[in-house]
Amino acid sequence: MKFFVDTADIDEIKELAEAGLVDGVTTNPSLVAKTGRKFGDILKDICDIVDGPVSAEVTALDAPGMIAQGEKLAKTADNIAVKVPLTIEGLKACRHLTDKGIMVNVTLCFSAVQALMAGKAGATFISPFVGRLDDLAIDGMDLIAEIRAIYDNYDSITTEILVASVRSPNHVAQAAIMGADVCTIPPSTLRQLIKHPLTDIGLAAFLADWEKTGQEIG
Ligand code: G3P
């Protein structure tokens, strides 16, 4: 499973990329707003660090507007994936941009049939929001299982399942078990995936024992 980082924070992306944990990046208007920086500058900075897909979301609501914005965003770098909402206008834009060879991430997916529609429209990625379903007491991971089952029934659908609105290490573990293609993870959750109390305890014990030997390496 590929790991994308769900952030527009360049310092976070840099650090996680150094550890080889970043196969791509997803941004959205809310994440961009948090930085207080210009969208174009953020995208350029991210694409300088990351070779994998970098999702950049359009804000137009009609297909011609989304296409114009998408084509502009795609000029930033070859690895831009234009993010469009799961609406009829978004799917029209998806088909158009896909046919032009531009990657498209269809976002704000909350049902399996929506994901089927995005697959038919040629999306590169479908982004089901699991955390926001959990917030409504609907199990978001059930949606991932349904989409996986549907996509696996049809060779003609090449869309990758990009699990979004990830809130916990458990979401990531379940996504991997279910065979999701990608998880986009906030930096804080990505760090949680690395942590285990037994690792910290074990490391402290090794260092204490090493000190007793009075030796130094190098
Ligand atoms: O980028 C879309 C997504 O991951 C949003 O997550 O936490 O705002 O529901 P969240």
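Up top you'll find the structure we're talking about.
Asker: What am I meant to see in the site of the ligand here?
Answerer: As a structural note, the neighbourhood of the ligand is formed by Asp6, Asn28, Lys83, Phe129, Arg132, Ala164, Ser165 and Arg167. Protein contacts shield 82% of the accessible area of the ligand, which totals 310 Å² for the unbound molecule. Cavity membership is defined here by more than half of the atoms lying within 2 Å of grid points; on that basis the ligand lies in the largest pocket. Residues of the shell around the ligand, tallied by class, amount to two nonpolar, two polar and four charged.

Asker: What should I look at first to understand the nonpolar core in this one?
Answerer: Soluble, globular proteins show a tendency: their nonpolar side chains are buried together. Counting residues in hydrophobic clusters, the biggest one holds 59 residues, and the most contacted among them are Ile80, Val84, Val106, Ile126 and Val163. With five residues, the single largest contributor to this core is helix H8 (residues 140-153). Ignoring anything within four residues of it in the chain, the contact list for valine 106 reads Val84, Pro85, Leu86, Leu91, Cys94, Ala118, Ala123, Phe125, Ile126 and Ser127. By size, the runner-up hydrophobic cluster in this structure holds five residues, among which are Phe4, Ala81, Leu162 and Val182.

Asker: Which parts of the structure should I look at to understand the pattern of salt bridges?
Answerer: Note on pairing: side chains with opposite charge can pair once their charged atoms come close. Applying the stated rule across the entire model yields 13 salt bridges. Put simply, arginine 191 and glutamate 12 hold a salt bridge, and the shortest N to O gap is 2.9 Å. Placement of the pair is arginine 191 in helix H10 (residues 187-194) and glutamate 12 in helix H1 (residues 10-18), with a sequence separation of 179 residues. Under the relative-accessibility criterion, arginine 191 is labelled partly exposed at 30%. We classify glutamate 12 as partly exposed; its relative accessible area is 24%. Between glutamate 89 and lysine 92 there is a salt bridge, and its shortest N-O distance comes to 2.7 Å. On the criterion of helical spacing, the pair formed by glutamate 89 and lysine 92 is a turn pair, its members being three residues apart in helix H5 (residues 88-99). The network of salt bridges with shared partners includes Glu12, Glu15 and Arg191.

Asker: Looking at this model, I keep getting lost on H1. Mind explaining?
Answerer: Structural remark: α-helix, 3.6 residues per turn; residues separated by three or four positions point the same way. For H1, every residue scored as buried is listed here: Ile10, Ile13 and Leu16. Within H1, the buried residues cover an arc of 135° as seen down the axis, which keeps them to one side. Exposed and facing more than 90 degrees away from the buried side of H1 are Asp11 and Glu18. Looking at the buried residues of H1, the elements they touch are strand E1 (2-6), strand E2 (24-26), helix H3 (39-49) and H10.

Asker: Got a minute to help me understand the layout of surface pockets in this structure?
Answerer: Any space left empty among the atoms is revealed by the rolling of a water-sized probe across them. Estimates place the volume of the largest pocket at around 290 Å³. For the largest pocket, the lining is made up of 18 residues, of which Asp6, Asn28, Leu31, Arg132 and Ser165 are closest to its centre. Split by residue class, the lining of the largest pocket holds six nonpolar, seven polar and five charged. In this model, the second largest pocket occupies a volume close to 200 Å³.

Asker: What's the story with the packing of aromatic side chains in this structure? I'm lost.
Answerer: In this description, an aromatic ring pair is defined by two values, namely the gap between the centres and the angle between the planes. Enumeration according to the criterion identifies two aromatic pairs in this entry. Ring plane angle 75° and centroid distance 5.7 Å describe the contact between phenylalanine 4 and phenylalanine 125, whose orientation is recorded as edge-to-face. Linking phenylalanine 4 in strand E1 with phenylalanine 125 in strand E6 (residues 125-128), this pair joins segments that are 121 residues apart in sequence. Judged by centre distance (5.6 Å) and plane angle (65°), the rings of phenylalanine 110 and phenylalanine 129 are edge-to-face. Note that phenylalanine 110 is positioned in the loop between strand E5 (103-109) and helix H6 (112-120) and phenylalanine 129 in the loop between E6 and helix H7 (130-134), a separation of 19 residues in sequence.

Asker: Just to check I follow, could you spell out the pairing of strand E7 (residues 160-163) for this structure?
Answerer: A regular strand carries its side chains on alternate faces of the sheet. As defined by bridge partners, E6 adjoins E7 across two bridges and the pair is classed as parallel. Pairing of isoleucine 126 across the sheet is with isoleucine 161, part of E7. The pairing of E7 with strand E8 (residues 182-185) spans two bridges and is parallel. Bridging across to E8, leucine 162 finds its partner in valine 182. The handedness of the E7 to E8 crossover, carried by helix H9 (residues 169-178), is right-handed.

Thresholds, definitions, all that
- Residues numbered from 1 in each chain as written.
- Predicted model: local features only at pLDDT ≥ 70, side-chain atom pairs only at ≥ 80, totals over all residues.
- Heavy atoms only, no water.
- Near = heavy atom within 4 Å.
- Areas by Shrake-Rupley, 256 points an atom, 1.4 Å probe, with all protein chains shown as cover.
- 1 Å grid on protein atoms, 1.4 Å probe; cavity = no way out; pocket = protein on both sides within 12 Å on 5 of 7 lines; lining within 4 Å.
- Sits in = over half its atoms within 2 Å of the grid points.
- Nonpolar A, V, L, I, M, F, W, Y, C, P; charged D, E, K, R; others polar.
- Core = buried A, V, L, I, M, F, W, Y, C linked by side-chain atoms within 4.5 Å.
- Buried < 20%, exposed > 50% of the residue type's maximum accessible area, 1.4 Å probe, protein only.
- Helix = DSSP H or I, 4+ residues; strand = E, 2+ residues; numbered from the N terminus.
- Contact = heavy atoms within 4.5 Å.
- Salt bridge = Lys/Arg side-chain N within 4 Å of Asp/Glu carboxyl O.
- Arc of directions from axis to C-beta.
- Points joined across faces, edges and corners; volume = space filled by probe spheres on them.
- Phe/Tyr/Trp six-rings, centres within 6.5 Å; stacked < 30°, edge-to-face > 60°.
- Pairing = 2+ DSSP bridges.
- Right-handed = clockwise from strand over helix to strand, strands pointing away.

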